[in-house]
Structures are given as structure tokens and as C-alpha cells.
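Single-letter residue listing:
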Amino acid sequence: MGNYNLKCLQCGRSYLGDYRLKCDDDDSFVQAEYQSKELDLKNAPGIGKYNEWLPVQDLLMTEAAPITYKSEELANELELSNLYISFSGYWPERNALIKTCSFKELEAHPTIQRLIESDHSSLVLASAGNTGRAFAHVSALNGVDVYIVVPPNGMSRMWIPEEPSDSIHLIKMDEGNDYTDAIHLADRIAKVPGIMPEGGARNIARRDGMGTVMLDAAVTIKQIPDHYFQAIGSGTGAIAAWEAALRLREDGRFGDHISKLHLSQNLPFAPMVNAWNACQRKIIPEIDMPEPKKSISDIFADVLSNRAPPYSVKGGVFDALEDTDGLMYGITNNEAKEAKALFESLEGIDILPPSAVAVASLIKSIDAENVDKDDVILLNIAGGGVERLKEDYTLSNIEPVASAKNPEIPLEDVLDK
Ligand SMILES: *Cc1c(COP(=O)(O)O)cnc(C)c1O
Ligand SMILES: [Zn+2]
């Protein structure tokens, strides 16, 4: 059964498409190998259009999808002739209908559908805010139990555009904990029988869901873009863009090159920028992220705060950068804030801080002459439209069911059943 197999990137071992996050023999990523090598679009409102290259059986009926359009105002300002914007968020005037306002919803729909199709009924994940919001929303729509562990700085992002349901179990971590502490606690909860781990970058539904950004761009532009710009915390979205570009290249109708990745982080917390610029496959914590909790508390785009990103692993960020001859940029808070104001005034939609980091990296790349004026450039605005959403919807805050002092807390203290 199934439209795909899972293949280990390290040893090549192949598995049937069950809910699996790693190879049995090593620690490498597994990747979906879809039967269909040509992308045949389905008739569906949102990312179901790309069902053939998503690890689900039934057609996804969500209206959530990235949109791609050719920029005029920002392109003009930056003197670019082929600047395309991918927007994941709420902007109904452009038919962008992601009501949790980030590309994390592109992973939540296929992940939960895949969970249901493999006969599981509950899921745990850690989130700095946007992922938790996306899964909470999907849980409210279909009743699947989700346990969401959120660090204190993520709590303000834990709202949904409808009434919260009992299927959402929000666990708030106390002050002093960060996103990586939340990941540790979520990993422990995932060992409870019946609760499946979401899996982060190892989750192929996450990667291929986010990969629809690249698919939508290629289908709209009618070619694989020359360049791809995104701000990264874990880099899963960037890995996803690379994997999607490889599939599109194999399809053959979208060109014979893949996009050069231009990835950015928010200074002073930029472990992957430091490791990549030092040509290192490993992040060396003392050198690449000294005083991480302090520097995380200083960044404007605080969702970009993963201390253990999938950088070194086979098929991870390092490999994606190497294969695409990619570049990394460190962006200051001021550069991000200026870029946010510029983008919003020219394109006419509000954007989230990480997307402002991506805009600033585009400006840097032009100054450094890393792109040519006529290159086909894809700028991934991975989150935006929250202010626009508030005009149309009433947002509900999700109340925590438990709080956790630290990641080692006894699980009976945080699980409500
Ligand atoms: C999560 C997120 C990112 C970073 O994505 P990666 O998983 O690190 O690729 C960037 N922008 C927004 C809006 C996000 O929610
Ligand atoms: Zn293997």
C-alpha cells in the first residue's frame, strides 16, 4: 500500500511507508521516494494539490497552502526583475488562507493525516510557538490529541482562530527554560505508549509539507528558482526546499538545476551561520553559540532559537548547503526591523520577525553581489498576516493544562491522564 517508500540516506535501506522517523541500522534521515516522478496536480483547494508528493493516502482537503506571486514594489526598490514571493499566512486578497499564519501549518495537516492513516491517535511536539499553534488548530479541526510543550517566550504565540478544544494539551515550561528544554521534555513524553513523537526534521510529512513552498513556486513560475531565501531556526524548511527542488529536477519539466540556498539567522544567536562560515560540519557549542540562553533572549526573531538543529546529520542543513553551493547570513535585530518596515510598506502585508530576517538577507545578498538582477529569486515569507487575520477573526488564547519546572519533571505531573 502507499504511494511511497522510505529510504535511508546513509545505508540505502528501504522501508514501507509507515510512521517511521529513522533507519533501524543508523541515525540517518529517511526520505520519501514517491512512485510518481512527475508531479501531477490534484484538484484540491490547498496543498492537497501536491498530494502525489506528500506521504498521505487520502486527498488533503485543507485550504492551507503557500501562495507565490511576482513582486512589483519590493522588486522595484531592490532593482530585481524576477523576484517572486512565497507567502505562507493569511492574506485573503491574494488567496493566502493559512489562519495560523506560518508555513508550520503546511506540515501539521499532512503529519496529522499520516498519523491517522497509520492508526495512531495522539502526538507530542515541542514548539517555540508557530508549530504549536498550527498543530493546535488542526487538532481543533479534527479532534486528534496533541501534546504541545512550549517555552515561556512562546506562550504569547499560542492562540488559534477558533475556540480551543479538549484535544489540545498545552504544557507550559517555566521561566529559565528555552525551546531546546521543551524539546527534551517532549522527547520524554514521546516514550509514553500511544503518544507518537512529531519528529521535527525527521518527520517526512513535515519536510514534504513545507516542501510545497518550492513546488508551488516552480509550478507558478514554471521553473525551479535560481535562488531560495529563508530564515532558519532548525533549517527543516530549507532542507525541505532542497529535497523538493531535487524532485522537481528529476521531473524534468522545471529545469535542470536546483536552487542555491541563502539561509539566515538572527544575531547574536547564529550557530549554523558560524559553523557554515567556518566550513564545519559540526556545530561547536563553545565557539558557535557561546552563552546561548542569553543570546536567544536578545534576538528579535526568537522562534529562530534551536540549539540542536539537524545541521550535521546526513541529509541535513550542511548537506543541503553543500549540494546547492549555498550561503548563510547573520542578520542583526536592526537590519531585521528595517527590512520588516520596508517589506510591509511596499508589499502591503504584515510579516513575522523571522520573515523580516529573510528579507534582510536578500538585501545583504544584493549588496554582496551574490545574486544577479535578472536571476529568478524566491523569497520565502514563511509567516505573516497576523494583523490582517485579526481584522477578520477573533483569536482565542490556549490555556495550559500543566506547567513544567524543568525538562526532567516527573511525567505524571504534566500529563492529564
Ligand atoms: C519555523 C519558522 C521558520 C524557521 O523554519 P525552519 O524550520 O528552521 O526551516 C522561519 N519562519 C517562520 C515564520 C517560522 O515559523
Ligand atoms: Zn540506514
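Thresholds applied
- Residues numbered from 1 in each chain as written.
- Chains lettered and ligands numbered in written order.
- Predicted model: local features only at pLDDT ≥ 70, side-chain atom pairs only at ≥ 80, totals over all residues.
- Heavy atoms only, no water.
- Phe/Tyr/Trp six-rings, centres within 6.5 Å; stacked < 30°, edge-to-face > 60°.
- Helix = DSSP H or I, 4+ residues; strand = E, 2+ residues; numbered from the N terminus.
- Buried < 20%, exposed > 50% of the residue type's maximum accessible area, 1.4 Å probe, protein only.
- Lys NZ or Arg CZ within 6 Å of the ring centre and 35° of its normal.
- Domains from an automatic or database assignment.
- Contact = heavy atoms within 4.5 Å.
- Buried area = accessible area lost by both parts, 1.4 Å probe.
- Salt bridge = Lys/Arg side-chain N within 4 Å of Asp/Glu carboxyl O.
- Nonpolar A, V, L, I, M, F, W, Y, C, P; charged D, E, K, R; others polar.
- Pairing = 2+ DSSP bridges.
- Axes fitted to C-alpha atoms, helices over the stretch in contact; angles between N-to-C directions.
- Near = heavy atom within 4 Å.
- Polar contact = N/O pair within 3.5 Å; in protein donor to acceptor, adjacent residues only side chain to side chain.
- Areas by Shrake-Rupley, 256 points an atom, 1.4 Å probe, with all protein chains shown as cover.
- Donors = N, O, S within 2.8 Å, 3.2 Å for Na, K, Ca; no water.
- Tetrahedral: all angles 85-135°; square planar, octahedral: opposite > 155°, others 65-115°.
- Expected span 1.5 Å × (residues − 1).

**Topic: the packing of aromatic side chains**
- In this structure the tally under the stated criterion is seven aromatic pairs.
- Seen in terms of ring centroids, Y90 and Y393 are 5.9 Å apart; in terms of plane orientation they differ by 85 degrees. Their pairing is edge-to-face. Of the two residues, Y90 sits in strand β5 (residues 83–91) while Y393 sits in the loop between α14 (386–392) and β16 (396–397), which places them 303 residues apart along the sequence.
- Overall, Y393 belongs to the partly exposed group, its relative accessible area being 30%.
- Ring pairing ties together the aromatic residues Y69, F87 and W91, which thus form one cluster.
- Positioned above the aromatic ring of Y15 is the side chain of R20, whose terminal nitrogen or guanidinium carbon lies 3.7 Å from the ring centre.
- Above the plane of the ring of Y69 lies R94, whose end atom (NZ or CZ) is 3.7 Å from the centre.

**What to know about the domain arrangement of the protein**
- Domain annotation of the protein identifies domain 1 (67–101 + 205–390) and domain 2 (104–202 + 395–415).
- When each unit is reduced to the centre of its C-alpha atoms, the spacing between domain 1 and domain 2 is 25 Å.
- Residue-level contacts link 27 residues of domain 1 with 29 residues of domain 2.
- Both faces combined, the contact of domain 1 with domain 2 buries some 2,300 Å², and carbon together with sulfur accounts for 57% of it.
- Linking domain 1 with domain 2 are six salt bridges, by the criterion used here.
- For R307, the salt bridge is made with D178, and the minimal N-O distance between the two is 2.7 Å.
- The element that contributes the greatest number of residues to the side of domain 1 that touches domain 2 is helix α5 (residues 204–210), accounting for five residues.
- Within the side of domain 1 that touches domain 2, the residues separate by chemical class into 13 nonpolar, seven polar and seven charged.

**Comments concerning the sheet that holds strand β17 (residues 402–404)**
- Spatial ordering of the open sheet is given by β11-β7-β8-β10-β17, a layout of five strands whose pairing is parallel. Two strands close off the open sheet at either side, each with one partner strand: β11 (195–197) and β17. Ignoring which end each strand starts from, the neighbouring axes of this sheet average 25 degrees apart.
- Note: strand β8 (residues 145–150) against strand β10 (residues 168–173), five bridges, orientation parallel. Considered in β10, the bridge of Y147 is made with H169.
- Those strands touched by helix α3 (residues 130–142) are β7 (122–126), β8 and β10, and its axis lies near 160 degrees from that of β8.

**Re the site of ligand 1**
- Inspection of the region around ligand 1 gives 17 residues, with K104, Q230, G233, G235 and G237 positioned closest.
- One of the side-chain N or O atoms of N130 is found 2.8 Å from an oxygen atom in ligand 1.
- Taking T236, its main chain carries an N or O atom lying 3.3 Å from an oxygen atom of ligand 1.
- Protein coverage of the free-state accessible area of ligand 1, which is 380 Å², stands at 96%.
- If you list the elements that add at least two residues to the shell around ligand 1, you get β12 (227–231), α7 (236–251) and β15 (377–384).
- Ranked by residue count, the leading element in the shell around ligand 1 is α7, at three residues.
- Tallied by class, the residues present in the shell around ligand 1 amount to seven nonpolar, nine polar and one charged.

**Points about the coordination of the zinc ion (ligand 2)**
- Donor atoms from the polypeptide that coordinate the zinc ion (ligand 2) comprise C8 (SG), C11 (SG), C23 (SG) and D26 (OD), at 2.1 to 2.3 Å from the metal.
- Coordination at the zinc ion (ligand 2) comes from four donor atoms whose angles at the metal span 105 to 114 degrees, giving a geometry best classed as tetrahedral.
- Each donor residue of the zinc ion (ligand 2) belongs to the same chain, with the gaps between them written as C-x2-C-x11-C-x2-D.

**Quick word on α3**
- In a regular helix each residue adds 1.5 Å, so 13 residues correspond to 18 Å; α3 covers 19 Å between its end C-alpha atoms and thus fits that length.
- Of all 13 residues in α3, ten are buried, a share of seventy percent or more.
- Those residues of α3 that sit buried are N130, T131, G132, R133, A134, F135, A136, H137, V138 and S139.
- For α3, the elements touching its buried residues are α2 (104–117), β7, β8, β9 (159–160), β10 and α5.
- In the segment just after α3, G143 is the residue with positive phi, at about 80 degrees.

**What to know about the pattern of salt bridges**
- For the coordinates displayed, the defined rule picks out 25 salt bridges.
- Taking the shortest distance from any N to any O, the salt bridge between K99 and E63 comes out at 3.3 Å. With a gap of 36 residues between them, K99 in the loop between β6 (96–97) and α2 and E63 in the loop between β3 (30–34) and β4 (67–70) connect regions that are remote in the sequence.
- A residue is classified by how much of its surface remains accessible, and K99, at 17% relative accessible area, is buried.
- The class for E63 is partly exposed, based on a relative accessible area of 37%.
- With its nearest N and O atoms 2.7 Å apart, the salt bridge here joins E344 to K340. Of this pair, E344 and K340 both sit in helix α12 (residues 333–347), four residues apart, roughly one helical turn.
- Connected through salt bridges with shared partners, the residues R13, R20, D24 and D25 form a single ionic network.

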